[in-house]
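Observations on chain architecture
Below, each chain spelled out in residue letters.
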Amino acid sequence: MADDLGIGDVGCYGNTTLRTPNIDLLADQGVRLTQHLAAAPVCTPSRAAFLTGRYPIRSGMVSNNGNRVLQWSGVPGGLPRNEVTFAKILQDQGYVTGLIGRWPGETQGQSREYLVYTHRAFCTIGVTESPSILGYGQDIWTQHGFGHFYGMPFTMMADCQQWELSEKRVSLQHKLNLGLQLLTGALFTLAAGKLTHLIRVSWAPVIGLTVVAAVTFTTRYFLGDLIVHADCFLMRNHDITEQPMVFHRTASLFLREAATFLKRNKHGPFLLFVSFLHVHTPLVTTKEFIRRSVHGLYGDNVEEMDWMVGRILDVLDEEGLADRTLVYFTSDHGGSLEAQMRGKQYGGWNGIYKGGKGMGGWEGGIRVPGILRWPGVLPAGRVIDEPTSLMDVFPTVVRLGGGLVPQDRPLDGHDLLPLLLGTARYSGHEFLMHYCESHLHAARWHQRERGAIWKVHYRTPIFHPEGAGACYGKGVCPCAGEQVAEHDPPLLFELSEDPSETRALTPDTEPSFFQVVGRVQQAVDEHRRTLSPVHQQLGTLLNTWRPWLQPCCGLFPLCACDRENDHQ
């Protein structure tokens, strides 16, 4: 799974200027899905849906306050422990399971909201052998079925290299600057009033404000370094191995770990999930690939990721595993159009599709590559235009692994195998819902008897500047509020005729307008009746930093170590 890769960045999906030979070869040797859809246009909810086969709103991996993802590694929010992942089911079926790269469920869930003291360390239940580690315990990826983990337990950010293009540092610095101004004003007012005897107060509040202002100034000054140390680190299982990360060697470390896992487990059933940090900003690219593409640093990063895919496929070939391994390639959502800085584009291209990352219903944010290869089982070169979803991976691999899908909860994914093998004409999705946070922005209907695919938009972000195709000047388009347009009647597009969503239909141009909109609304109402109240994992309560949950290698808050050399 790539991170932030646009569907238009891959050769087999129409790109002619970026070189992606290894991904293209997968498509030549397997099945390519042209209408493969993420369940959300941003990473955290999309990846939660991928793991569980359920819309993220069912697991609470949403919010309604503008938090699109988890904000820090040291928060109690995350994929709830009562959710069942395909990795957990396959592990119970005897599969060795591993995850290399970015942990997709984000942090660790509520289980870390307590600590145990031992003479070796402060840590959570499941004490590690590593001294002076504050934070992670065994209830992170292992509780969700991954027996081996190596990688980054939090999202990749431009802030990891302190780019001017920032997800949170710039905003936090602005807030700290404002707070510092208010504190300074209050401090001088109190001090002047005290010295001139106009305000009868003790020196205690003046001293207190001075301390708070000093802490605020120090935090503001060192904020970039604090973020790098707090959120940009590597772990092997429960041990922090590198804090902060040394990015120039990350790609080689991931490839080495993937090769070791495959060679170690080649004689039995295994599940390996390689979750790339590519191609998310800051676009960390090794020197061998710098200036190789015609699309700057972003293109370089795409081509390096393709090379990494090729190296993993080479190991499968070398170990005699290719013919008995199902390989799947995708992205968590579309490319980020707003990732621009000083006239340079650092986000992906979504081809002919409108919009991008963060936009609830527009195709550019949710239509992603979907390629599956299994030599001798899946037909080579097949192209499928049916609506499919990242959520479909759950029932597909569970069935292939001999497991049973849970019967105690609604599932939204459908087994892909009949469609891939050609024994089914249609996918299991007649309707698909497209959320932005907890807000339903759009819904899609595959009207099979007519061969039409309709998209109804209830809300769309207001692009700016006027006439633009994204929310430039912002990190991501909002899901609700003044910058989101409400449509009544909703916008209607026929994707089978207008995949770029450029011609909204009206009752005058589409005779069945009201019938289509009414049928989709009926499906939306039926879907909503299947939803149950759950805690919002991305809301303020579970998405606020707790210092006692901060993973730390060393003496908190001076978290720093490099144990990777021990594994060279």
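Preceding this section is the structure that the text describes.
This text gives an overview of the structure that appears in the document. (Residues numbered from 1 in each chain as written. Predicted model: local features only at pLDDT ≥ 70, side-chain atom pairs only at ≥ 80, totals over all residues. Heavy atoms only, no water.)

Turning our attention to the overall build of the protein. The helix and strand inventory of the protein stands at twelve helices and 21 strands. Taken along the three principal axes of its C-alpha coordinates, the protein extends 85 × 60 × 50 Å. Of the contacts formed within the protein by residues at least 6 apart in sequence, a portion of 73% connects residues at least 24 apart. For the protein, the computed accessible surface area is about 23300 Å², with 56% contributed by carbon and sulfur atoms. The positive charge centre, built from 50 side chains, and the negative charge centre, built from 56, are 4 Å apart in the protein. (Helix = DSSP H or I, 4+ residues; strand = E, 2+ residues; numbered from the N terminus. Contact = heavy atoms within 4.5 Å. Areas by Shrake-Rupley, 256 points an atom, 1.4 Å probe, with all protein chains shown as cover. Lys, Arg positive; Asp, Glu negative; His and termini not counted. Charge placed at Lys NZ, Arg CZ, Asp CG, Glu CD.)

What follows covers the state of the cysteines. Counted under the stated rule, the structure contains five disulfides. With its sulfur 2.0 Å from that of its partner, cysteine 436 forms a disulfide with cysteine 479. Measuring the twist about the S-S bond at about -65°, one finds the cysteine 436-cysteine 479 disulfide to be left-handed. Placement of the pair is cysteine 436 in strand β15 (residues 431–436) and cysteine 479 in the loop between β17 (452–461) and β18 (484–494), with a sequence separation of 43 residues. For cysteine 436, a relative accessible area of 0% translates into the label buried. Given a relative accessible area of 1%, cysteine 479 falls into the buried group. Across the disulfide from cysteine 471 sits cysteine 477; the S-S distance is 2.0 Å. (Disulfide = S-S within 2.5 Å. Buried < 20%, exposed > 50% of the residue type's maximum accessible area, 1.4 Å probe, protein only.)

Owing to its 3.6 residues per turn, the α-helix aligns residues three or four sequence positions apart on the same side. Of all eight residues that make up helix α10 (residues 393–400), six are buried, and the element is covered over most of its length. Within α10 the residues assigned to the buried category are Val393, Phe394, Pro395, Thr396, Val397 and Val398. On the buried face of α10, the contacting elements are α2 (43–52), α4 (86–92), β10 (327–330), β14 (382–389) and α11 (417–421). Directly beyond the C-terminal end of α10, a positive phi value near 85° is found at glycine 402.

This brings us to the nonpolar core. Core analysis: the largest hydrophobic core is formed by 63 residues, its most contacted members being Leu5, Met152, Leu262, Phe329 and Ile371. If sequence neighbours within four positions are ignored, leucine 262 has contacts with Phe270, Leu272, Ile312, Val315, Leu316 and Leu321. Of all hydrophobic cores here, the second largest spans 30 residues; its members include Ala87, Phe149, Val397 and Cys561. (Core = buried A, V, L, I, M, F, W, Y, C linked by side-chain atoms within 4.5 Å.)

Okay, the packing of aromatic side chains next. A full pass over the atoms with the stated rule returns 15 aromatic pairs. When the centroid spacing of 5.2 Å and the interplanar angle of 80° are considered together, the rings of phenylalanine 513 and phenylalanine 514 count as edge-to-face. Residue phenylalanine 514 is classed as exposed on the basis of its relative accessible area, which comes to 57%. Joined through ring pairs, the aromatic side chains of Phe50, Phe86, Trp103, Phe146, Phe273 and Tyr328 make up one cluster. Positioned above the aromatic ring of tyrosine 13 is the side chain of arginine 32, whose terminal nitrogen or guanidinium carbon lies 5.1 Å from the ring centre. Positioned above the aromatic ring of tryptophan 362 is the side chain of lysine 354, whose terminal nitrogen or guanidinium carbon lies 4.1 Å from the ring centre. (Phe/Tyr/Trp six-rings, centres within 6.5 Å; stacked < 30°, edge-to-face > 60°. Lys NZ or Arg CZ within 6 Å of the ring centre and 35° of its normal.)

Looking now at unusual backbone geometry. Along the chain, threonine 281 connects to proline 282 via a cis peptide bond; the corresponding omega equals 20°. Among the structural elements, proline 282 can be located in the loop between β9 (270–275) and α8 (296–318). With an omega of 0°, the peptide bond running from histidine 464 to proline 465 counts as cis. Along the chain, the position of proline 465 falls in the loop between β17 and β18. A positive phi angle, near 50°, is found at arginine 342, a position not held by glycine. Within the secondary structure, arginine 342 is located in the loop between β11 (340–341) and β12 (344–345). A positive phi is found at glutamate 437, a non-glycine position, where the angle reads about 55°.

Another aspect to go through is a nonpolar patch on the surface. A surface patch of nonpolar side chains, about 510 Å² in accessible area, is lined by Leu195, Trp203, Ile207, Val211 and Val215. Counting residues per element, the nonpolar patch draws most heavily on helix α6 (residues 204–231), which supplies three residues. You can see valine 211 is positioned in helix α6. Taking the relative accessible area as the measure of exposure, valine 211 reaches 48% and is therefore partly exposed. (Patch = residues over 30% accessible without salt bridge, like charges linked within 9 Å, V, L, I, M, F, W, Y side chains within 5 Å. Salt bridge = Lys/Arg side-chain N within 4 Å of Asp/Glu carboxyl O.)

The next point concerns the environment of aspartate 3. Along the chain, aspartate 3 falls in the segment before α1 (21–29). The exposure class assigned to aspartate 3 is buried, which follows from its relative accessible area of 0%. Considering only alpha carbons, one finds aspartate 3 and histidine 333, 330 residues apart in sequence, at a separation of 7.3 Å. Apart from residues no more than four positions distant in its own chain, aspartate 3 is found in contact with Arg47, Arg102, Phe276, Leu277, His278, Val279, His280, Ser331, Asp332 and His333.

Moving on: the layout of surface pockets. Using a probe with the size of a water molecule, rolled over the atoms, empty space left in the structure can be pinpointed. Of the voids in this model, the second largest pocket is the one considered here, and its volume is about 880 Å³. Surrounding the second largest pocket, 33 residues form its lining, Leu271, Leu272, Thr325, Leu326 and Val327 being those nearest its centre. Only α4, β9, α8, β10 and α10 provide two or more residues apiece to the lining of the second largest pocket. Element by element, the count of residues in the lining of the second largest pocket is highest for β9, at five residues. Along the lines of polarity and charge, the residues of the lining of the second largest pocket split into 27 nonpolar, five polar and one charged. (1 Å grid on protein atoms, 1.4 Å probe; cavity = no way out; pocket = protein on both sides within 12 Å on 5 of 7 lines; lining within 4 Å. Points joined across faces, edges and corners; volume = space filled by probe spheres on them. Nonpolar A, V, L, I, M, F, W, Y, C, P; charged D, E, K, R; others polar.)

Summed over the entire model, instances satisfying the criterion amount to three cavities of 30 Å³ or more. Taken as a whole, the largest cavity encloses approximately 100 Å³ of empty space. Considering the residues around the largest cavity, the lining is formed by 13 residues, among which Thr250, Ala251, Leu277, His278 and Val284 are closest to the centre. Looking at the lining of the largest cavity, the elements with two or more residues in it are α7 (250–264) and α8. With three residues, the single largest contributor to the lining of the largest cavity is α7. Partitioned by chemical class, the residues of the lining of the largest cavity number nine nonpolar, four polar and no charged. Roughly 70 Å³ of volume is contained in the second largest cavity. Along its surface, the second largest cavity is lined by 14 residues, and Val42, Pro45, Arg68, Cys436 and Glu437 are the ones closest to its centre. Across the lining of the second largest cavity, the residue classes tally to ten nonpolar, two polar and two charged.

Any link to function would need more than the numbers given here.
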